[in-house]
Structures are given as structure tokens and as C-alpha cells.
Amino acid sequence: MGKFGMGQPIRRVEDERFLKGFGEYTDDIKLSDQTYLVVHRSPYAHAKIKSIDLSYAKETDGVLGVFVNKDLEEEGFLCIPHDVVPNGIDGNEVMVPKRPILAQDKVRYVGEPIAIIVAKTLNIARDASELIEVDFEELTPFPNMNTEISSNSEPIFKEIKNNELVHWSMGNKDETDKIFSKARKIISINLINNRIAPTALEPRAVISEYDDLNDSYTLRTGSQGSHKLREWITGKNGKKAADIKPDKLRVICPDVGGGFGMKNFLFNETLLTLFASKAIGKPVKWKADRTESFLNDTHGRDQINFAELALSEDGKFEALRVSSKGNVGAYVSQFGAMIPTMAGCGMLCGCYKIKSAYVDVKVIITNTTPLDAYRGAGRPESAYIIERLVDKAADELKIDRAEIRKLNFIEPEEFPFETALGMKYDSGEYKKILSLATKRANWNTFAERRVESEKRGMLRGIGMSYYIEACGGGPTEFKTIAIKIDGSVIISSGSQNNGQGHETAFAQIAADTLGIEMDKIEVIMGDTEKIEAGIGTGGSRALAAGGSATLSTCQKLINKGKSVAATLLQSSEDKIIFENGFYKIMDTGSTVSLLDVAKATYDKKTFSEDIEEGLETSSEQVMNAQTFPNGCHICEIEIDPETGVISFINYIIEDDIGRILNPLMLEGQILGGAGQGIGQALYEEAIYDNNGQLVNGSFMDYIMPRADNLPSFNFNYTEVSSPSNKLGVKGAGEAGTIGATPAVANAVINALNSINAKPIDMPMTPIKIWKSIKEARKS
Amino acid sequence: MLDDLKNIKNHRFNRRKFIKNVIASGAVISSGGYMLSGCSDNSAPISGSVERLIVLKVNGKDRPVDVMQNETLAMTLRYKLGLTGTKLACDRGECGACTVLLSGTPHNSCSTLTHSVRNRDITTIEGLEQEDGTLHPVQQAMIDELGPQCGFCTPGQIMSGVALLNKNPKPTREEARQALSGNLCRCGAYDHYLNSIMRASRIS
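Residues numbered from 1 in each chain as written. Chains lettered and ligands numbered in written order. Predicted model: local features only at pLDDT ≥ 70, side-chain atom pairs only at ≥ 80, totals over all residues.

A. Summary view of the overall build of chain A. Broken down by element type, chain A carries 19 helices and 28 strands. Against the 2.2 N^0.38 benchmark of 28 Å for 779 residues, chain A shows a C-alpha radius of gyration of 28 Å, consistent with a compact globule. Overall, the C-alpha framework of chain A stretches about 95 × 75 × 50 Å when taken along its three principal axes. Evaluated residue by residue, chain A yields a buried proportion of 59% over its 779 residues. (Helix = DSSP H or I, 4+ residues; strand = E, 2+ residues; numbered from the N terminus. Rg over C-alpha atoms; globule rule 2.2 N^0.38 Å. Buried ≥ 20, exposed ≤ 12 C-beta atoms within 10 Å, placed from the backbone.)

Rendered as C-alpha cells:
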């Protein structure tokens, strides 16, 4: 293994620029003659727009333009298209209502864009926005999924009955029902999966520029994939946002200050700046303020679940039945309808052998901000359901929670294993990893520690989750690698960094394979002009897909250089091998370096004119199968019953993330993910009141995990190579999030159980815990 | 009702005209502006846009800059002095991304008026590196411990860490945790940030 090989804790190449303050995020860019766009937004969750008066805003000095949806449509800016929407139970295609870029006749959530102002300065645009006069007629809002729709109130969309977008199902209903009808034991649970605001610390920002000579646009924005974004704008499967041809739109993605799923998507403001840059004839910048981020970034989660598990008397799982409602918000964002359905429900069986399963989901439209993928995107919801259910089953059957899991795990020799919901798991050693975790957490001696806490008047709880996640979704990833005359190596990557460390990871793989120093390698990302194609970063796929693509492109490049090397070494290709950066003749041992081979291609004396200058090749990694990272989180907490405040005693993570490229980067991903998972379990919830107002749209009100309310983690891993890709990696971006939420929730429930206090829903805040304890003590 | 509204709006414009007159009467207005640019060639400066030339002491250098009365230090640093390492993530003192040092102590520059810090030593993330390119121990530790992820909150975290070590060179991990608790990181890189601060305190 070389010094850049798999498993080496290489320091990140991007860090130096970040910690000197030289990272370049969208809002750090200033184009000459740049103008500023401000969005006038709806203060109502559900209302008819009777009239819009723009006259005062237009008259303001310094205002360059004020526009409404009609202006956009005339210029070919049509709508925000949805992407994947599953068919209903009846098999019919779903009628998805149009999402206008600016609200025209009706507003459907607080914060929905209605009009835009472009001005010479930001302050002028903000002032002018206040002068826009919209006459609304308020309608009854439906901010949550359980609101009854009376006959005299207007639905959110006339064409959608009961605000139900689609009723979807998966699995075998008849067989599942049959097992349940005969089951000796049925455990059921009602759960709420709280709504999360993604709150990437870098607010979304966009700068668009229009070139009238070529009738082309340049869009700069921090996104998770520039090609994907362009595709949504210019068209895919007949659905498009604007009449712009792909070759007339260049998308550039500078540094990205966190994505978490949300920055994948196409938002109103992206299209609005594009439109305005042409209408005004100058570059147009928009940057969200924090309230706008809370109001118009897609949110995540927000499900109501009822789940049942049929068991034999000795605790063997037999069948699983889940019925859910998933909130999609006021409009269907690109993957909005897919997240509560297809994206995660397949993972409901967890790591367990369950004979039959059935899940049905009603996707509900509400008067709230649209929802879409948030770190994990459907899989954390599934893990939360099954892991809470398994804990409850263990408690009711009086079986140890670790033992009931072991009893039902898929065994290593059973892989590849197809679950009752059709997922084909590739590998895993669940029992072994769970045992490692319980050992390190001193699981078996917990009772003693609880007695000790009780002596001090504290409640103590321990909880575990054994999560599994599916990643590497999406069909392909692209890489081009070129070696130039100066010996520099340029990797063009279709996947986009937003904090994971792509620049280091891809360079590390190339350095190891090509035998070249890392500082000679540059990774280029996020530019549709410089990079041929790409899918983007999401679903923990960058390393499995993009990393494997890097490896195969390197190997292709080495093969490509062989003929040149043969000429230089005056030998034949079949006698040459490649090792540690050198082509070598097996018999004589004479060598030439890969860099010299690349340089030689510029030498027209030795080589004919038709030989391509520089070594360059591209390849596409087709992903035939998903990978399935899995692992065990064990969380031990103490609760002060007087205040309901939780303190972390111990937090163990024992993971199987496949082969490890860079343990330090891996740890960052896992711990960060776990932080977000704990955030959902204990602190975070985007709350809408009955009028559809987001009541906690600021960092002061919305509790994000901080340095002082997260534990220090004890993180370990076992490498179980994935057979699904060349590197044997599995993916790490979302694993921590998926595992943490149920583990922490189970720990809190376990503590509450010790005094027979009622279980509570997430976020398990001190006030909820305190109330539950108080009630239990009363009775 | 609508007439009343119109009157209010006319009143607003009148207020602007008043400001224009102030400018005409000799108040300094110019702008090397960045985001706020356009004021210079703009016949209609908006409320609060009267700029005065002041000298700020930033990273040990005197920096003359035209500053509006209601302008925050974060705005001045980012959009007028081009020091974009100071980040804006909430613009109301809730997230710490804009943390700078004023005479050695950490402040949210988004909630500090530029005019109020004329006589203070302002240190931003760009001012930590020594002239010979040696990184500040906290910066170096951030590389060694793989502190940053997306990097957006990193400058603010580093400034808070530097401020802590200035005051308390050998903090406990718990003290470091408290010192960084005003700096939000959505990537959840806190453990690595804390490792970095602790390493820097051991080394320096």
C-alpha cells in the first residue's frame, strides 16, 4: 500500500484555504456591475391574490425592475418541475399540480415568492420590496397533515381531493395480513417523525449573468451537483423549468457551505436570478437571509407512522405492517414525493429476517414549505420506525434488546439477501458488530449503573439502534483525468463537494493508483463547461460511484499510456507493466515514468502529429448495485427528573462502512451525521402554528446542536468490503444520522420506562421529559 | 385607507429627499463599495446610506473606508474591504460565523456597528497567519485534526478558539466546549474542532 493508499489518514487539501478565510462561497463573489434581487414573499399560508400593485416599488430610485410571474412566463420561465413521483396503489400516474416560480393567483405557504425587485443596491431592493402592495383574500390554511377538510373550505389545489397527492404502497398485503391474523403476538407503535429545517450554515445564494451576444447564461450557486441542476432547469423527460437549451446555460458551483440534501434542488430564486439577469442586462445576485432560509429551503422528514410487528412467542419477527402519512408541503419539490415513499420504505425491514412486509403511505399536500431530501432522505425515517418497534417488542416480551436483535439478524452466510421489501443486501456482519458495541458500552452491567444513578435521584437510560442504510443510488458517475505537459494531473469530477472532502478523496485515489504525489493533482468540480457530465453528490454515493470512477479512469489512463511507453522504452506493450508511477520492462528493468510518458506526447519529433497531446481519458462508472453500510449506536444518558435535562454519559458507534479510504474524513462524516441525528431526536423541530406560520424560523428559536449539547463520540469500525464496487467502499455521509436518532430516542424511552413514565415523541425536549416524569409520579 | 398608505409612502420618499439634501450639503459620500456599491453613481442614496470616511485598524493595518451610519462591521469587512473570510450566516448574532476579535476579545461582527469600533484593533481570520506564512497554532491544529468539513463556519470557530487561548492558554475540553458553543456548525464537526483547540493549546 502506498502512502496515499486506502486507509491512510491524509490531511485534507481543501482545509488550508478554509481556515485562512480564502474559501470562495457564492456570496464571496462579486461581479462587476452586479445588481441585487430581493424576493417579496407571502405572509399568508393560504390566500387568494386579488391584485398586486407594483407601482410604488417601480418608482423607487435605483430600482431596475420589478417583476411578477406573468413577466417570467412571457420570457419562457415556466415552473419549478418535480422529478420522481411514484404511482399510486391503483397503478395510475399521479397528477402533480404545477408549481409556479412566482405565485400568481394564490399563495400556498408563508414565504412563497410573489414578486421580485432588482436594484442597484441590496438596501434599495429591500426598501422597495416593502412598497409592493398585495391584496389577499385569506383562505382556511391546512398546515398539518391531520387537518379535517370541511366541505366549505377551499382545498390547496382544486384538482387534488382531500389534499392527498398519492396513496402509495409496497410489499405483499395479502400475505402480511394473513400472518398478522394468525400471529401469537402483535406489537404496535405510533410515531411522529418531526419536521427538520436543514439550515446549512451557508445560506443559499445565486449569481446569474446573461451574455446577449451568445444568448447564454452563467449561473453561480452552491449546489450539490451542477449538471443535475442544469438538467432540471433545461429539461428532463419533457419537464423543464425554462426555455433554455443546455448548451446555453453554464452552471458553476463554487465552495458549498453545507448541503445536507437541500442544496441539490432547484429553487425559485435560482430561476428568478436567471430571468432577471436577462431582463436587466446585468449580473444579478440573490442571497437568502436566515429567515428566508427557514421559509424557503426545503425541509425534511415530517411523517406520522403507525407500525405493527407480528412475532412468535419466542421473539422471532414474522411480519411488519406500516401505515404512514408523509408531508410534501405546498408543492411537490423534485424528490418531494419520493422521499416518504420509494426512497426509504424499502429499508423498513432493517437488518432483520422478516417473512413478509407491507407499507402504505399517503403523501399529503399542506400549506407549508415544500419538503424534500434531508440527510438520509427516507432511510432515517425507516430506521426510526423499525428500531423503536423492536425495542418495544423486546420490552413487552421481556427479552434483552440486544438479544432480540441478534435473534432476528440476517446471518453473514445468508448474503446476498433479499428482504421482504425487495432490497438486495450485499454484505454484513451484524451480530459481530453488535457484540463489539455492547461489549464496549458495558451493556450487560447497565443495571448496576442505573442503581447508582437512582441513588443520586437521577434517571438513567441506555438505548441502541442497529441501523442499515442503502447508498450508491443513481446510475453512474463520470470522471476525466488529464496529465498536462507540466506534469500536473487534473481530475474533472461529476460529483460535487459540499463538505465531505472530495478534493482530497479523489486525489488520494489517483495518487495511489498513478503513483504521483498528491500536490501535483488538482480536482475540478462543479462546472458544466469544464466537466463533461455528472450526477452530483447525494445519497452517500460520492465515494462508491465517484471514487470507483476515479479508480477505473486511472487504470484506463495507465493503459492508454502504454503504447507511448513502449515506444520510449523501445519495447512492445505486452512486456510492460506499471508500478508505483513507472512503466517498466519486465525483463530488463528499464523504466519511464507516467509523467514523462505524458510529456513525451507533446514531442512531435518522436511521435506522429496524430498522437493526442497529453494523456487524457474519461470513464463512466455504472453503478449496478447499491451498498449497505450498517452499524450499531449505543447511547447512555442520565436525566435530571427535576428539570428534564439530559446529559450524555457514553456514546458508542460501531460501524461497518465497507473499506476505509481515509479514517479521519470518515470520522468527520460519521460524527457530523450523528450530531444531526441527535439534533432530530432531542432538539430540532420546525413548528407551524394553526395559521401556517413557521413559529421558530431563527437560530434563536430553532435549536440546532451546538458544541455544548452534543456528546463526544466513541467511534470504531470494522471493515467489511462491499462487493458492489471496485473500492469495496459503502458510503458514510448519512450513516451517522440514520443510526443516531433511534439510539438516542430509545435511551430516553428506556430511562422513562424505569419509572413507568409515558413515552414521548421527538424532539425529546426537557419540557416533554419533565411533564412525562411528573405525570408518572402523580399516578 | 389606501390614501393613507400613499401618504405614508410619499413621506418615506420625502425622507429620502431630505437625505439627498444632506449629501448635497457636503457630507462625504463615496463608495469603494462591494455589495453596497452603486451608491457612488446613484443619484438616490437610500436611508442610512450617508457614508463617512473613517480609518479602521484591521489586522494591524490602517484601512480607510467609507462607512454608512447603520453599517455593520461584517458588511464593511466583507463587501468593502474584501475580507470575505468573515462569514454571514444569520446576520443577527445567533450563529457566530462572523466572529472577529476586537482588541483580542471575540465579537459578532454582524451585530457590531462599524462606527463604534474606530479605535479598536480588529483581527479577522485573514490576519492570523504570520507574514512568513506560518499559520496560527489553532489554524495548524485544524489541518492536523481535520477540523473543517464544509469550511463555512470554520473562520468563526477559529476566531473563538484563538480568543479562548488568548485568555486561557490551557483550557479543559469542557471550557473549550463552552467557548465554541456560540459558533454553530451544521456539519457537526464539533468534536474535531475541539480536538484542534486542545491540540493547539498543547503545542503553543
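Anyway, onward from the coordinates.
B. Up close: the overall build of chain B. Across its full length, chain B holds six helices and five strands. Ordered by position from N to C terminus, the α and β elements of chain B give α-β-β-α-β-β-β-α-α-α-α. Burial status across chain B gives 53% buried among its 204 residues. Expressed as a percentage of contacts within chain B between residues at least 6 apart in sequence, the contacts between residues at least 24 apart total 57%. (Contact = placed C-beta atoms within 7 Å.)

C. The arrangement of the confidence of the model for chain B in detail. Residues and elements named next belong to chain B. On average, residues of chain B carry a pLDDT of 83, and 76% of them reach 70 or more. Here residues 1-46 scores under 50 on pLDDT; set against residues more than four positions off or in separate chains, the count is 69 contacts. Two numbers describe this predicted complex: its pTM, 0.92, and its ipTM, 0.94. (pLDDT = per-residue confidence, 0-100.)

D. Inspection of the interface of chain A and chain B at higher detail. With 56 residues of chain A at the interface, the matching set in chain B holds 51 residues. Sorting the residues of the side of chain A that touches chain B by element identifies helix H1 (15-19), helix H4 (122-129) and helix H17 (663-683) of chain A as the ones contributing at least two each. For the side of chain A that touches chain B, the element with the most residues is H17 of chain A, which contributes seven residues. Counted by class, the side of chain A that touches chain B contains 23 nonpolar, 16 polar and 17 charged residues. (Nonpolar A, V, L, I, M, F, W, Y, C, P; charged D, E, K, R; others polar.)

E. Examining the domain arrangement of chain B more closely. Residue and element names in this part refer to chain B. Taken domain by domain, chain B comprises domain 1 (30-42 + 52-127) and domain 2 (137-203). In this structure, domain 1 and domain 2 have C-alpha centres spaced 23 Å apart. Taken residue by residue, the interface counts 15 residues in domain 1 and 13 residues in domain 2. Mapped by element, the contributors of at least two residues to the side of domain 1 that touches domain 2 are strand S3 (99-102) and strand S4 (105-108). Among the elements that make up the side of domain 1 that touches domain 2, the one with the highest residue count is S3 (three residues). Of the residues in the side of domain 1 that touches domain 2, the class split is eight nonpolar, six polar and one charged. (Domains from an automatic or database assignment.)

F. Summary view of unusual backbone geometry. Residue and element names in this part refer to chain A. In this chain, Phe 415 is followed by Pro 416 through a cis amide linkage whose omega measures -10°. Within the secondary structure, Pro 416 sits in the loop between helix H11 (401-408) and strand S16 (417-418). Between Met 762 and the following residue, Pro 763, the backbone shows a cis peptide bond with an omega angle of -10°. With respect to the helices and strands, the residue Pro 763 is situated in the loop between helix H18 (735-753) and helix H19 (766-778). A positive phi angle is found at Thr 199, which is not glycine, with a value near 45°. Looking at the element boundaries, Thr 199 is found in the loop between strand S8 (185-196) and strand S9 (205-211). The backbone phi angle of Phe 260 is positive, close to 60°, even though this residue is not glycine. For Phe 260, the location among the structural elements is in the loop between strand S11 (249-252) and helix H7 (268-280).

G. Structural detail: the sheet that holds strand S23 (residues 582-585) of chain A. All names here are of chain A. Strand order in this open sheet of three strands is S22-S23-S24, and the pairing throughout is antiparallel. One side of each edge strand has no neighbouring strand; the edge strands of this open sheet are strand S22 (576-579) and strand S24 (591-593). Adjacent strand axes in the sheet meet at a mean angle of 25°, parallel and antiparallel pairs treated alike. Inspection of the sheet shows S22 paired to S23 by four bridges, in the antiparallel sense. The residue bridging Ile 576 from the neighbouring strand is Ile 585, located in S23. Each of S22, S23 and S24 touches helix H15 (residues 542-568); the most contacted strand, S22, lies at about 120° to it. (Pairing = 2+ DSSP bridges. Axes fitted to C-alpha atoms, helices over the stretch in contact; angles between N-to-C directions.)

H. Summary view of the domain arrangement of chain A. Residues and elements named next belong to chain A. Here the domain parsing of chain A yields domain 1 (31-139 + 199-296), domain 2 (300-471 + 626-778) and domain 3 (473-622). On a C-alpha basis, the centres of domain 1 and domain 3 stand 39 Å from each other. Facing the 17 residues of domain 1 at the interface are 16 residues of domain 3. When contributions to the side of domain 1 that touches domain 3 are tallied by element, the ones reaching two or more residues are helix H6 (226-234) and S11. The biggest single contributor to the side of domain 1 that touches domain 3 is H6, with four residues. Of the residues that constitute the side of domain 1 that touches domain 3, the class distribution is four nonpolar, nine polar and four charged.

I. Spatial organisation of the sheet that holds strand S15 (residues 356-365) of chain A. Residue and element names in this part refer to chain A. Taking strand neighbours across the sheet as the criterion, the five strands line up as S7-S15-S14-S13-S8 in an open arrangement whose pairing is mixed. Where the open sheet ends on each side, the last strands, each with one partner, are strand S7 (164-171) and S8. Averaged over all pairs of adjacent strands, the angle between strand axes in this sheet comes to 10°, irrespective of strand direction. Two elements, strand S13 (residues 300-311) and strand S14 (residues 317-329), share nine bridges in a ladder whose sense is antiparallel. Considered in S14, the bridge of Gln 303 is made with Gly 326. Packing against the sheet, helix H10 (residues 379-397) makes contact with S8, S13 and S14, and its axis sits at approximately 145° to S8.

J. Quick peek at the packing of helix H4 (residues 154-167) of chain B against helix H6 (residues 190-203) of chain B. Residue and element names in this part refer to chain B. In the contact formed by H4 and H6, the axes pass within 11 Å of each other and the chain directions differ by 35°. Crossing of H4 over H6 shows right-handed handedness. Between H4 and H6, the residues in contact are Gln 157, Gly 161, Leu 164 and Leu 165 and Tyr 193, Ile 197, Ala 200 and Ser 201, respectively. Split into classes, the residues belonging to the contact of H4 with H6 amount to five nonpolar, three polar and no charged. (Left-handed = near helix turned anticlockwise from the far one by under 90°.)

K. Looking closely at helix H5 (residues 173-180) of chain B. Residue and element names in this part refer to chain B. Within the sequence span of H5, burial applies to Ala 176, Arg 177, Ala 179 and Leu 180. Down the axis of H5, the sector holding all buried residues measures 165°, keeping them to one side. Those residues of H5 that are buried are in contact with H4 and H6. (Arc of directions from axis to C-beta.)

L. Summary view of the pairing of S3 of chain B. Residue and element names in this part refer to chain B. The pairing of S3 with S4 spans four bridges and is antiparallel. Bridging across to S4, Leu 101 finds its partner in Pro 106. Two successive antiparallel strands, S3 and S4, enclose a turn made up of two residues, where Ser 103 displays a positive phi of approximately 45°. The sheet contact formed by S3 and strand S5 (residues 121-123) spans two bridges and is antiparallel. Looking across to S5, one finds that Leu 102 is bridged to Ile 122.

M. Main features of the packing of helix H14 (residues 502-514) of chain A against H15 of chain A. All names here are of chain A. Packing of H14 against H15 brings their axes to within 9 Å, and their N-to-C directions diverge by 30°. Considering their axes alone, H14 and H15 lie roughly parallel with respect to each other. Relative to H15, the crossing made by H14 is right-handed. On the side of H14, the interface is formed by His 502, Ala 505, Phe 506, Ile 509, Ala 510, Thr 513 and Leu 514, while H15 contributes Ala 542, Leu 543, Gly 546, Gly 547, Thr 550, Leu 551, Cys 554 and Gln 555. The class makeup of the residues in the contact of H14 with H15 is nine nonpolar, six polar and no charged. (Parallel < 35°, antiparallel > 145°, perpendicular 65-115°, else oblique.)

N. Representation of the nonpolar core in the model. Core analysis: the largest hydrophobic core is formed by 292 residues, its most contacted members being Val 118, Leu 348, Ala 510 and Val 748 of chain A. Excluding residues within four positions of it along the chain, Val 748 of chain A makes contact with Gly 461, Ile 637, Ile 646, Met 764 and Ile 769 of chain A. (Core = buried A, V, L, I, M, F, W, Y, C linked by C-beta atoms within 7 Å.)

O. Structural detail: the environment of Thr 84 of chain B. Here Thr 84 of chain B lies in the loop between helix H2 (73-80) and S3. In this structure the C-alpha to C-alpha distance between Thr 84 of chain B and Gly 147 of chain B, which are 63 residues apart in sequence, comes to 20 Å. Those residues in contact with Thr 84 of chain B, other than ones at most four positions away along the chain, are Asp 28 of chain A together with Arg 78 of chain B.

P. Looking closely at the environment of Glu 642 of chain A. Its place among the elements puts Glu 642 of chain A in the loop between strand S26 (630-640) and strand S27 (645-656). Each C-alpha atom of the pair Glu 642 of chain A and Leu 661 of chain A lies 46 Å from the other, and the pair is 19 residues apart in sequence.

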